[in-house]
Amino acid sequence: MRLGIIGGGQLGRMLAHAAQRLGIDVTILDPKKNCSAGQVARQIVGAYDDAEKLHELAAVSDAITYEFENVPIEPLATLEGKVPLRPAPKGLAAAQDRLTEKTLFRTVGMQTTDFAAIDSLEDLEREFAAMNGACILKTRRFGYDGKGQARIDSPADVPSGWEELKDGGPLILEKRIDFKRELAIIAARTADGNEAFYPVTQTHHRNGILHRTLAPAPALTDEIEQQARVYVDKLLKQLDYVGVLALELFDTDRGLLANEFAPRVHNSGHWTIEGTTCSQFENQVRAVMGLPLGEPTLPTPTGMLNLIGNVPDRAPILARPNTALHLYGKSGRAGRKIGHITVTGATDDDVLKRIDAIESIIDT
Ligand code: ATP
Ligand code: MG
């Protein structure tokens, strides 16, 4: 069996590891030579929209998947009928634009924050007044890790927010949610419609970047767990989805609100490598290759800490019990995700205390 992966970052690297454990041959397409995933698998060096390189990848793959959502859609059409693309490009397309994404959420019956398309300063003035409260202005496309966002708290922020983002393509204004906490759910679906749901995870962001996760989310009611599952199930079915998908949620007084989804494995599911018997990476590989899904079960509370910026010393981290270190083969740079740490424990408190202790000895 042969798997092609478009994109060569850490998600591609962890997908490659999972595939290789099952004896599946992996080829990565990425323009950057010796990228994170290219260090552990065969790499075709080329642009994501280079039709020739895409065909080269198809020639050595029984199925192709992606490790990021901003893969150019149009060039993928040349592969249709040649090799299965999983998930199908329509799943990617839906996630590439925050306006179509939130509209899709509403269409399938998920709650979201109020939102409006913004194409001019006048639109922004009008819609901000209509929302009647604090907002966030975002680029519709290519935002990640909180980039391409500006807070609009009062009318005085309108001109500066517009100036800051107006050259980033079409915009969306969102009402700011006063959430209790942020959650995420990851699910997998096979071509014949089997589904697996991971336990809902609590996520913490710092400066717009995912900082920590704790799974299962503490003190989660059955009702909220169920609502998360119903939401992600609607999305999987609507998109006739094959593979792993992550849905980011706000836990609020009026139940769950959908924030965004990722048509791929996700940072909020890195804990599944140590925390479950079949990780999100392995289930993505299984779904894409037409294999049965594995159990997304959770034997013990599991926390994850992202390593952002500097590459830490390995030894002090590895000296700690029940601690797994993942480094992505990337050099350190401010704001860059270069690795993560997973900690398992008997209780949530136990996990959190040990993550605090690790955080105090590393410089992230
Ligand atoms: P990432 O790549 O980390 O998922 P992103 O750049 O795609 O992030 P969002 O997920 O939309 O952007 O926003 C990042 C974070 O900003 C959210 O996790 C949340 O903490 C905060 N945020 C975004 N939108 C809202 C909102 N409408 N109300 C309140 N907080 C928000
Ligand atoms: Mg997000």
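Treat the numbers as computed from the prediction; the structure is a model and nothing was measured.

What is the right way to look at the sheet that holds strand 3 (residues 42–45) in this model?
Pairing between the strands of a sheet is mediated by backbone hydrogen bonds and can be parallel or antiparallel. With respect to topology, four strands assemble into an open sheet ordered 3-2-1-4, the strand pairing being parallel. Each edge of the open sheet is held by one strand with a lone partner, namely strand 3 and strand 4 (63–66). Pairwise comparison of adjacent strand axes, ignoring direction, gives a mean angle of 25° for this sheet. Bridge analysis of strand 2 (residues 25–30) against strand 3 gives four bridges, and the strand direction is parallel. Bridge assignment links L29 to a residue of strand 3, and that residue is I44.

I keep staring at the domain arrangement of the protein and nothing clicks. Help me out?
When the parts of a complex come together, some accessible area is lost, and that lost area is often used as the size of the interface. The assigned domain composition of the protein is domain 1 (2–85), domain 2 (114–175) and domain 3 (181–363). On a C-alpha basis, the centres of domain 1 and domain 2 stand 35 Å from each other.

Can you walk me through the layout of surface pockets in this structure?
The probe, sized like a water molecule, is rolled over the atoms to show the empty space still left. Estimates place the volume of the second largest pocket at around 220 Å³. Along its surface, the second largest pocket is lined by 15 residues, and M14, H17, A18, I273 and S279 are the ones closest to its centre. At the level of elements, helix 1 (10–21), helix 9 (280–288) and strand 16 (323–327) are the ones that each hand at least two residues to the lining of the second largest pocket.

What is the right way to read the pattern of salt bridges from this model?
Pairing between side chains of opposite charge can happen when the charged atoms of each approach one another. A full pass over the atoms with the stated rule returns 27 salt bridges. Note that D25 is salt-bridged to R42, the shortest N-O span being 3.0 Å. In this pair, D25 sits in strand 2 while R42 sits in strand 3, placing the two residues 17 residues apart along the sequence. Look at D25 and you get partly exposed, because its relative accessible area is 29%. Classification of R42 by relative accessible area gives partly exposed; the value is 42%. Where salt bridges share partners, they join R189, E195, D233, K237 and D240 into one cluster.

Parameters at a glance
Every chain begins its residue count from 1, and numbering advances along the sequence as written. Think of it this way: whatever chain is written first is A, whatever ligand is written first is 1, and the rest follow in order. In keeping with the predicted nature of the model, local features appear solely for residues at pLDDT of at least 70, side-chain atom pairs appear and are counted solely at 80 or more, and the whole-chain, interface and lining totals rest on all residues. Side-chain metrics in this entry use all non-hydrogen atoms of the structure; hydrogen atoms and water are not considered. DSSP-based pairing: two strands are paired if at least 2 bridges between them are found. Strands here are runs of E lasting at least two residues and helices are runs of H or I lasting at least four, both read from the DSSP assignment and numbered beginning at the N terminus. Convention adopted: a line fitted to C-alpha atoms gives each axis, helices being fitted over their contacting stretch, and angles between N-to-C directions are expressed from 0 to 180 degrees. Domain segmentation is taken from an automatic or database assignment of domains. Put plainly, a pocket is an open set of points on a 1 Å grid over the protein atoms alone with protein on both sides within 12 Å along at least five of seven lines, a cavity is a set where a 1.4 Å probe fits but cannot get out, and a lining residue has an atom within 4 Å of a point. Grid points are joined across faces, edges and corners, and a volume is the space filled by probe spheres set on the points. The working definition used for a salt bridge is a side-chain nitrogen of Lys or Arg within 4 Å of a carboxyl oxygen of Asp or Glu. Exposure classes here rest on a 1.4 Å probe applied to the protein chains alone. A residue is buried below 20% of its type maximum, exposed above 50%, and partly exposed in between.

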